[in-house]
Amino acid sequence: MFAVIKTGGRQYRVVPEDVLEIGKIKGDVGTIVQLGEVLLVGGDAPVLGAPLVSGASVAAEVLDHKRGPKVIAFKKRRRKNSRRKHGYRDEITVIRVTEILTDGKAPSVAAKGRTVKPPKAEAKAATEAAEPEADEAAAKKPKAKAAAKPKAAARPKAAAKPKAAAKPKSKSKSKKD
């Protein structure tokens, strides 16, 4: 099954597991977003929208937000200092299509490879629980005295040589005719 979607003024033919670079859309990295502008759903019985297929959407996982390649407009004329470069970079979102949905269904596939971070309160409690164990272990071990290392004998500095005084250059006298 495939679908033709429209996003950012462009149309893309997508199948599940496709990775696309599209114009920037809202959504944090690792979340699932739904793209609702489906123009065509293909497969055994293709459905063509007029202009959109009702109840169809494409679920995709946001992989990254980045900036695209630099586009440069270059202008050259036959005059000095007349070269001009004007450029810009598009904001791009990289997505992976997870599934193609029809009949108004919700996405069922969770993001693959996404790491789940515990809430801040749980993380704080876990670190506090680990700290007393580390303190007890440190208290049980006797502290070893650091062996005093003999310091290397200081080397005497070489006597500073006086710099030669700069000799003034003698002015050459011009020959008289």
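Predicted, not measured: the structure shown is a model, and the values here were computed from it.

Here is what the cut-offs are and how they apply
Here the residue numbering is sequential within each chain, running from 1 through the sequence in written order. pLDDT decides what is reported in this predicted model: residues at 70 or higher carry local features, side-chain atom pairs at 80 or more are listed and counted, and totals for whole chains, interfaces and linings draw on all residues regardless. As a rule here, side-chain values cover all heavy atoms of the structure and leave hydrogens and water aside. The criterion for strand pairing is that DSSP finds at least two bridges linking the strands in question. Numbering goes from the N terminus for both helices and strands, where a helix is a DSSP run of H or I of at least four residues and a strand is a run of E of at least two. A pairing counts as a salt bridge when a side-chain nitrogen of Lys or Arg comes within 4 Å of a carboxyl oxygen of Asp or Glu. Relative accessibility thresholds used throughout: buried, under 20% of the residue-type maximum; exposed, over 50%; partly exposed, between the two (1.4 Å probe, protein chains only).

Caption draft 1: Geometry of the sheet that holds strand S6 (residues 47-48). What the four strands build is an open sheet, ordered S2-S1-S5-S6; its pairing is antiparallel. Two strands in the sheet have a free side with no partner beyond their single neighbour: strand S2 (10-14) and S6. As paired strands, strand S5 (residues 38-42) and S6 are joined by two bridges and run antiparallel to one another. Bridge assignment links Leu40 to a residue of S6, and that residue is Leu48.

Caption draft 2: Up close: the pattern of salt bridges. Taken as a whole and assessed by the stated rule, the structure comprises three salt bridges. Of the charged contacts, one joins Glu61 and Arg96 as a salt bridge, the two residues approaching to 3.3 Å between their closest N and O atoms. Here the residue Glu61 occupies a position in strand S7 (residues 57-75), and Arg96 occupies one in strand S8 (residues 84-101), the gap between them amounting to 35 residues. For the salt bridge of Arg67 with Glu91, the shortest nitrogen-to-oxygen distance reads 3.8 Å. One end of the pair, Arg67, is in strand S7; the other, Glu91, is in strand S8, with 24 residues separating them in the sequence. Glu91 sits in the partly exposed class, given a relative accessible area of 38%.

Caption draft 3: Inspection of unusual backbone geometry at higher detail. That bond from Ala50 to Pro51 is cis: its omega, 0°, falls within 30 degrees of zero. Locating Pro51 in the fold gives a position in the loop between S6 and S7. Of note, the phi angle at Asp103 is positive, near 60°, even though the residue is not glycine. In this fold, Asp103 is placed in the loop between S8 and helix H1 (120-140).

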